[in-house]
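# Fold and geometry: a report
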Amino acid sequence: MTWAVISTWKMSWKGCTLAADLLRQGLRGSEAVIRGIQDVEDNPEFRSVGYGGLPDEEGRVLLDGAFMNGDSLHFGAVAAMEGFRSPIAVAHSLAKYDFNNFLAGKGAEKYAAENGFERRNNLTEESRAIYEKKRGESQSLSAYDGHDTVCFAVLDQMGSMYTGVSTSGLFLKKCGRVGDSPVAGSGFYADSRLGAACATGVGEEIMKGVLSYNALRNLKAGMSPQEAAETAVSELSETLIQRNGKARSMSLILLDNRGNFGVGTNIRFPFVYAAETSSSTLYLAEAENGRCRITPVEDKDSLDID
Ligand code: SD4
């Protein structure tokens, strides 16, 4: 059986390569998702995920994460969780229950503590310094350029599909603000009989179109993975422009259940893909008249977006 993995942003390069190695060895896709995402969560240079994530308006790093099993459709999610190393690990653990799958704030922290998840203060000196500098300036809420949610979608050799996401959300968000990332259907969705999709960008926009589920509906309707992804993003973008005069940034990665990928974006968006038939490759997707131009990036260091 074939395998494949796709992940968001250049920052996921190492994690994606690690996930690909695990999938090649025949490990479960859930393991590949968790290990791939933890590589990003643990790296303080990436300022929108885990350790070193940028804080909310009160200077606290509140993290969101989610995991979905495309065989059983079980999902687990945490929102606005502070003080733990790995939101994806906690979210994965919550996916095994029939109830209480999505925990927020104190409830998520209590669960993580009671179940022995590793604690960590995720605010680094560097993130604090950026926060102190920005706090005094104009506080228009925007996705932190080029450093966004890490999302993984995988197909493993057993034919099972999984997704996972992890993020510190928008820089200087209101205390308690939760974006699309931990919200099933918007930030992520996986169905092993169909495909898996996950989103990054401004959560308030992504949730207006339930973007990940919508992209999979396009796949179900017979579109190719690429058409399914780019149509979901471009239709939502157009709708928002018609209704509100603008659409903020949104990007989506998708795998079908044979491991083919599709990507939609309304910005310039790097992603990484690896499969049985192709080694890890960094691509740049660029919005172009409602479609998406996708080109491999030979020299990773030359790309100005993380
Ligand atoms: C959020 N979608 O919290 C996340 C953050 C993100 O680009 O991906 N920003 O809205």
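Residues numbered from 1 in each chain as written. Predicted model: local features only at pLDDT ≥ 70, side-chain atom pairs only at ≥ 80, totals over all residues. Heavy atoms only, no water.

Take E205: it is sitting in helix α6 (residues 203-206). The class of E205 is buried, set by a relative accessible area of 2%. With sequence-adjacent residues up to four places away left out, E205 is seen in contact with L236, L240, K246, A247, R248 and M250. (Helix = DSSP H or I, 4+ residues; strand = E, 2+ residues; numbered from the N terminus. Buried < 20%, exposed > 50% of the residue type's maximum accessible area, 1.4 Å probe, protein only. Contact = heavy atoms within 4.5 Å.)

For the rest of this paragraph, the subject is the environment of E118. By secondary structure assignment, the location of E118 is in the loop between α4 (105-114) and α5 (125-135). Separated by 66 residues in sequence, E118 and A184 have C-alpha atoms that sit 25 Å apart. Apart from residues no more than four positions distant in its own chain, E118 is found in contact with F84 and R85.

Turning to the site of the ligand, a few remarks are in order. In the vicinity of the ligand, 13 residues are found, and the nearest of them are D148, T149, R177, D180 and G201. Contacts to the ligand include T149, whose side-chain N or O atom sits 2.6 Å from an oxygen atom. Contact distances for the ligand include 2.8 Å between an oxygen atom and a backbone N or O atom of G203. Look at the ligand: alone it shows 290 Å² of surface, and the protein chains cover 99% of it. Across the shell around the ligand, the residue classes tally to 2 nonpolar, 8 polar and 3 charged. (Near = heavy atom within 4 Å. Polar contact = N/O pair within 3.5 Å; in protein donor to acceptor, adjacent residues only side chain to side chain. Areas by Shrake-Rupley, 256 points an atom, 1.4 Å probe, with all protein chains shown as cover. Nonpolar A, V, L, I, M, F, W, Y, C, P; charged D, E, K, R; others polar.)

Let us now look at unusual backbone geometry. At L73, a residue that is not glycine, the phi angle is positive and equals roughly 65°. Within the element layout of this structure, L73 appears in the loop between β2 (63-69) and β3 (75-81). A relative accessible area of 37% means that L73 is categorised as partly exposed. Positive phi, close to 50°, is recorded for N289, a residue that is not glycine. You can see N289 is positioned in the loop between β12 (278-288) and β13 (291-296).

This part covers the pairing of β3. Counting buried residues along β3, 6 of its 7 residues qualify, which places the element largely inside the surrounding structure. Linking two consecutive strands that pair antiparallel, namely β2 and β3, is a turn of 5 residues; a positive phi of about 65° is found at L73 within it. Where β3 lies against strand β4 (residues 102-104), 3 bridges are found, and the strand directions are parallel. Residue pairing for β4: A77 is matched across the bridge by F102. A crossover connection joins β3 to the parallel β4 through helix α3 (residues 87-94); in handedness this β-α-β unit is left-handed. (Pairing = 2+ DSSP bridges. Right-handed = clockwise from strand over helix to strand, strands pointing away.)

With that settled, the discussion passes to the nonpolar core. V5, L211, L252, L254 and F271 are the most contacted members of the largest nonpolar core, which totals 72 residues. Setting aside anything within four residues of it in sequence, one finds V5 in contact with C16, A19, A20, L23, F152, A153, V154, L255, V272, Y273 and A274. Within the second largest apolar cluster, 9 residues are counted, among which are V78, F84, L94 and A112. (Core = buried A, V, L, I, M, F, W, Y, C linked by side-chain atoms within 4.5 Å.)

Let us look at the pairing of strand β6 (residues 161-167). Counted residue by residue, β6 has 7 buried out of 7 residues, so it is predominantly covered. Side chains of β6 alternate between two faces, with M161, T163, V165 and T167 and Y162, G164 and S166 buried alike. Pairing geometry for β2 and β6, over 6 bridges, is antiparallel. Paired with N69 across the bridge in β6 is Y162. Where strand β5 (residues 150-155) and β6 come together, 6 bridges link them in antiparallel fashion.

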